[in-house]
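Structural overview for review
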Amino acid sequence: MKANDLPMTAMPVHRQVMHCDIETYSETSLPDTGAYRYAEDPTTELLLFAYTLDDESIQVIDLTQGSL
């Protein structure tokens, strides 16, 4: 039996794994206010977004220099 003869549910699946991390700044304190209020605070801004797929090198996007 060849792989193409198998039903779709039995086909091997390659899943990519993405790891990501963000760095933020806010005048409010995350531990004091909690994630929801921290994210809603108008002074909260996203500074860096870092990610990698599988074992590729880490990519860092500096959002202070522009948007995604």
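Overview of the structure. (Residues numbered from 1 in each chain as written. Predicted model: local features only at pLDDT ≥ 70, side-chain atom pairs only at ≥ 80, totals over all residues. Heavy atoms only, no water.)

Brief notes about the overall build of the protein chain
Applied cut-off: Secondary structure elements are defined from DSSP: runs of H or I of at least 4 residues count as helices, runs of E of at least 2 residues count as strands, and each element is numbered from the N terminus. Whether two residues touch is decided by their heavy atoms; if any such pair falls within 4.5 Å, the residues are in contact. We get accessible surface area from the Shrake-Rupley algorithm with a probe of 1.4 Å; when it comes to residues, only the shown protein chains can shield them.
The helix and strand inventory of the protein chain stands at 2 helices and 3 strands. Helices and strands appear in the protein chain in the N-to-C order β-α-α-β-β. Pairs at least 24 apart in sequence give 35% of the contacts found in the protein chain among residues at least 6 apart. Accessible area of the protein chain: about 5900 Å², with a carbon and sulfur share of 54%.

Digging into a nonpolar patch on the surface
Under the convention used in this document: Candidate patch residues must exceed 30% relative accessible area and have no salt bridge, after which like charges are joined if within 9 Å and Val, Leu, Ile, Met, Phe, Trp or Tyr side chains if within 5 Å. When a carboxyl oxygen of Asp or Glu is within 4 Å of a side-chain nitrogen of Lys or Arg, the pair counts as a salt bridge. Accessibility here uses a 1.4 Å probe with only protein chains present; expressed as a share of the type maximum, an area under 20% marks a residue as buried, one over 50% as exposed, and anything in between as partly exposed.
A cluster of nonpolar side chains, contributed by L48, I58 and V60, occupies part of the molecular surface with about 280 Å² of accessible area. Relative to the elements of secondary structure, V60 occurs in strand β3 (residues 59-62). Under the relative-accessibility criterion, V60 is labelled exposed at 55%.

What about the pairing of β3?
To keep it simple, the criterion reads: A strand pair is defined by DSSP finding two or more bridges across the two strands.
Taken together, the 4 bridges between strand β2 (residues 45-53) and β3 define a ladder with antiparallel strand orientation. When the bridges of β3 are listed, A50 appears paired with V60.

Looking at the sheet that holds β3
Applicable threshold: Note on method: axes are straight lines fitted to C-alpha atoms, helices fitted across the in-contact stretch only, with angles between N-to-C directions ranging 0 to 180 degrees.
Taking strand neighbours across the sheet as the criterion, the 3 strands line up as β1-β2-β3 in an open arrangement whose pairing is antiparallel. The sheet is open, and its two borders are formed by β1 (18-25) and β3, each paired with just one other strand. Pairs of neighbouring strands in the sheet enclose a mean axial angle of 15 degrees, with direction left out of account. In this structure, β1 lies alongside β2, joined through 8 bridges in antiparallel fashion. Paired with M18 across the bridge in β2 is L53.

A few points about unusual backbone geometry
The backbone of D54 shows a phi angle near 50 degrees, a positive value even though the residue is not glycine. Mapped onto the fold, D54 is located in the loop between β2 and β3. The class of D54 is partly exposed, set by a relative accessible area of 28%.

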